[in-house]
Amino acid sequence: MRKRLLGFAAGVLALGLGPMLEAQAQHPPLTVTAIRSWSSPTGTRIVIDFSAVTAYVAPDSGVSRKLLVTVPGEPVARAAAVAPTLLVRDGVIDSVVAVTGVDGARFHVWLADSNKFRVFALPAEEDKPYRLVFDVVKRGAVAAEAKRLEGIAQRKGTERTRLVAVDAGHGGVDTGARGPRGVLEKHVCLGVARALIEELNQIKGVRGVLVRDGDYFIPLRDRYRAAEKMKADVFVSIHANSSRRRGSGNGTEVFFLSQRGASDQADDDLADLENAADKVGGVPEQSEDDLVGIIYDVKRNSALRLSQLLAEKVLDEISAGSRLASRGVKQAGFVVLKSVEFPSVLVETAFINNPTEARLLNSKEFQRKMAKQVAQGVKAYFDQARIGLAEPAAGTATP
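What you see as residue numbers is a count from 1 along each chain, following the sequence as written. Reporting of local features is limited, given that this is a predicted model, to residues whose pLDDT is at least 70; pairs of side-chain atoms are given and counted only at 80 or more, and all residues count toward the totals for whole chains, interfaces and linings. In computing side-chain properties, one takes all heavy atoms of the structure into account and sets aside hydrogens as well as water.

A. Region of the structure containing the packing of helix H4 (residues 185-200) against helix H11 (residues 364-384). The convention used is that axes are lines fitted to C-alpha atoms, helices contributing only their stretch in contact, and that angles between N-to-C directions extend from 0 to 180 degrees. In DSSP terms, a helix is any run of H or I states spanning at least four residues, a strand is any run of E spanning at least two, and both are numbered starting from the N terminus. It is the contact of H4 with H11, at a shortest axis distance of 8 Å, that shows an interaxial angle of 50°. Relative to H11, H4 is oriented oblique. In this structure, H4 meets H11 at a crossing whose hand is right-handed. Residues Val-188, Gly-191, Val-192, Ala-195, Leu-196, Glu-199 and Leu-200 of H4 form the contact with H11, whose participating residues are Gln-367, Arg-368, Met-370, Ala-371, Lys-372, Val-374, Ala-375 and Val-378. Note that the term roughly parallel is reserved for angles under 35 degrees, roughly antiparallel for angles over 145, roughly perpendicular for angles of 65 to 115, and oblique for everything else. Definitions for this section: a left-handed crossing has its near helix turned counterclockwise from the far helix by less than a right angle. A right-handed crossing has that turn clockwise. Residues count as neighbours in contact if any of their non-hydrogen atoms are within 4.5 Å of one another.

What follows is the structure, encoded as structure tokens:
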């Protein structure tokens, strides 16, 4: 037996296969580590995670009832936790079938109907692997969403209420910051946002509406554009802070837009981190329209002035009713705050990387308490700005 093994080894060396086998041992095959889906009101996103960069073959976009993406020319494995078939069945995508082997991989995406699609890759980041993304648009969804937003605006006029658009930060493939024990910013934001809607709807003459009401991705500009279409009076974006230093950072801070840069370098870094949501979600970079900036100078100045007042009132209420440290009202260039149609603020509720504050953020009780304080701040803003809160019109339902 020993002679046979020695003979095999000698043969491997003679054929020059030693370096190849050694390379394969050092570099395991490309592996599919996850296949996930998110459904939104306008479509469905499929994300396939890989252990390394891959050269895939697929159409960039088009209209079809099925998609085929291949990874040819190299072995592809599938992690034990990844099933070969992902059943979606949300009316947009039926299923995804992954076939992997020594000669490559094939991913079959079966759609419920012929719909528009887009395929693209996202590079690996600090806490995210290389990803292949399939975006499929739900037929008629864009028109349905426009009609929904128009209906909200019409209801606002009928009820004579002040409308507060509440934006739960991140969502879907964009998880936001991560805390201890798997606490994700996107889930915390949605929890606080939903509680905030309940609190706002307790205030006579005020109605709250969620911009994101589920675990799906929305580009930053689409968030404030949705608020514009529903004729919002105020825009509040909910987030959780995070420090680059593990376990450090504490307290609450409220931001409004800065046209000239952030209050300090740390705030500038935070804005860059939050603005990177579009990059995570695969949204192409957009340039600013200087002409629009000139036309709306007066409107922007008014919105910034009112945004500062709103930020101050919200932080006052949070500080008065919370044991968390107040980090102050600050300015930074958050993309999501760039509308000139209404005052906008971004609330960094607490530090999700701080174990103590992460436990709070994950608590329903804390989420409700934070929501109540923000709602009181919005009410104080309306009072201070002398913006009347009319009683709902006769015959209309209270939300």
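B. Broad picture of the sheet that holds strand E10 (residues 206-210). Strand pairing is assigned whenever DSSP identifies at least 2 bridges connecting the two strands. The strand order across the open sheet formed by six strands is E10-E9-E11-E14-E12-E13, and the pairing between neighbours is mixed. Single-partner strands in this sheet number two, and they are E10 and strand E13 (326-332). For this sheet, the mean angle separating the axes of adjacent strands, direction not counted, is 25°. Two strands pair when backbone bridges link them, and strand E9 (residues 162-168) and E10 are joined in this way by five bridges, in the parallel orientation.

C. Structural context of H4. In this analysis, the expected span of each helix is defined as 1.5 Å times one less than the number of residues it contains. Under the 1.5 Å per step criterion, the end-to-end length of H4 is 22 Å for 16 residues, consistent within 8% with the ideal 22 Å. Burial classes: relative accessible area under 20% of the type maximum marks a residue as buried, over 50% as exposed, and values in between as partly exposed (1.4 Å probe, protein chains only). Judged by how many residues are buried, H4 sits mostly within the fold: 12 of 16 residues are covered. Looking at H4, one finds that the buried residues are Glu-185, Lys-186, Val-188, Cys-189, Leu-190, Gly-191, Val-192, Ala-193, Ala-195, Leu-196, Ile-197 and Leu-200.

D. Layout of unusual backbone geometry. With a phi angle near 50°, Arg-89 is a residue other than glycine that sits in the positive phi range. Along the chain, Arg-89 falls in the loop between strand E5 (85-87) and strand E6 (93-101). Residue Arg-89 is classed as exposed on the basis of its relative accessible area of 57%. Positive phi outside glycine occurs at His-170, with the angle close to 65°. One can find His-170 in the loop between E9 and H4. For His-170, a relative accessible area of 6% puts it in the buried group.

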